[in-house]
Amino acid sequence: MPQILVDHSTELAFDHAVLAADLHKAVTEVIDTSVAECKTLFRPAPEHTVGDGTAGEALVLVELKILAGRSTELRAELTARVVEVLRSHIVVPTAIGVQVTELDRDTYRFVHHTGG
């Protein structure tokens, strides 16, 4: 069920498929889920500013959405693992932000719509 939203500067030249695979693997090593349940959406941003804009850093912000009920420690471990994966893929100065958010188990729904 994990949903991974990756907003990033367009100048970050990482392979989206490989990064998604590594993120999915890291998630499954921390929480009880499968790679098949992971979904990642990349949203390149042509414009960004970090601080006053003079450092010239790229930017990547990741929101990892999981079902509610996991401990703070587990969520912190998941955040650390995602940062680790990002650092292994990014080779230029980059500001990185990662947030794990929880989805309400009673109201969240995900379906595979067949289009018909």
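Here goes a summary of the coordinates provided. Keep in mind that what you see is a predicted model, and the values were worked out from it rather than measured. (Residues numbered from 1 in each chain as written. Predicted model: local features only at pLDDT ≥ 70, side-chain atom pairs only at ≥ 80, totals over all residues. Heavy atoms only, no water.)

1. Some thoughts on the packing of aromatic side chains
Line of reasoning, step 1. Applying the stated rule across the entire model yields one aromatic pair.
Line of reasoning, step 2. Taking the centre distance of 6.2 Å and the plane angle of 50° together, the rings of Phe 14 and Phe 42 count as tilted. Here Phe 14 is found in the loop between strand 1 (3-9) and helix 1 (16-30), whereas its partner Phe 42 is found in strand 2 (residues 39-45), with 28 residues between them in sequence. Accessibility classification places Phe 14 together with Phe 42 in one group, the buried group. (Phe/Tyr/Trp six-rings, centres within 6.5 Å; stacked < 30°, edge-to-face > 60°. Helix = DSSP H or I, 4+ residues; strand = E, 2+ residues; numbered from the N terminus. Buried < 20%, exposed > 50% of the residue type's maximum accessible area, 1.4 Å probe, protein only.)

2. Quick word on the pairing of strand 2
Line of reasoning, step 1. Note that strand 1 and strand 2 share seven bridges and pair parallel. Note on strand 2: the bridge partner recorded for His 8 is Pro 44. (Pairing = 2+ DSSP bridges.)

3. Here we look at the environment of Leu 41
Line of reasoning, step 1. With respect to the helices, strands and loops of the structure, Leu 41 is situated in strand 2.
Line of reasoning, step 2. Look at Leu 41 and you get partly exposed, because its relative accessible area is 44%.
Line of reasoning, step 3. Sequence separation of Leu 41 and Ile 4 is 37 residues, and the distance between their C-alpha atoms is 6.3 Å.

4. Details of the pattern of salt bridges
Line of reasoning, step 1. A full pass over the atoms with the stated rule returns four salt bridges.
Line of reasoning, step 2. Between Lys 25 and Glu 29 there is a salt bridge, with the nearest N and O atoms lying 2.5 Å from each other. In this pair, Lys 25 and Glu 29 are both assigned in helix 1, four residues apart and thus about one turn of the helix distant.
Line of reasoning, step 3. By relative accessible area, which is 47% here, Lys 25 ends up partly exposed.
Line of reasoning, step 4. Between Glu 102 and Arg 75 there is a salt bridge; the shortest N-O distance is 3.5 Å. Placement of the pair is Glu 102 in strand 4 (residues 94-103) and Arg 75 in helix 2 (residues 72-89), with a sequence separation of 27 residues. (Salt bridge = Lys/Arg side-chain N within 4 Å of Asp/Glu carboxyl O.)

5. Details of the sheet that holds strand 1
Line of reasoning, step 1. Spatially, four strands are ordered 2-1-3-4 in an open sheet, and the strand pairing comes out mixed. Two strands bound the open sheet, and with one partner strand each, they are strand 2 and strand 4. Within this sheet the neighbouring strands show an average axis-to-axis angle of 15°, counted without direction.
Line of reasoning, step 2. The sheet contact formed by strand 1 and strand 3 (residues 58-67) spans six bridges and is antiparallel. Directly across from Ile 4, in strand 3, lies its bridge partner Leu 64.
Line of reasoning, step 3. Strands in contact with helix 1 are strand 1, strand 2 and strand 3; relative to strand 2, the strand with the most contacts, it is inclined by about 135°.
Line of reasoning, step 4. Strand contacts of helix 2: strand 3 and strand 4, with the helix running at about 145° to strand 4, the strand carrying the most contacts. (Axes fitted to C-alpha atoms, helices over the stretch in contact; angles between N-to-C directions. Contact = heavy atoms within 4.5 Å.)

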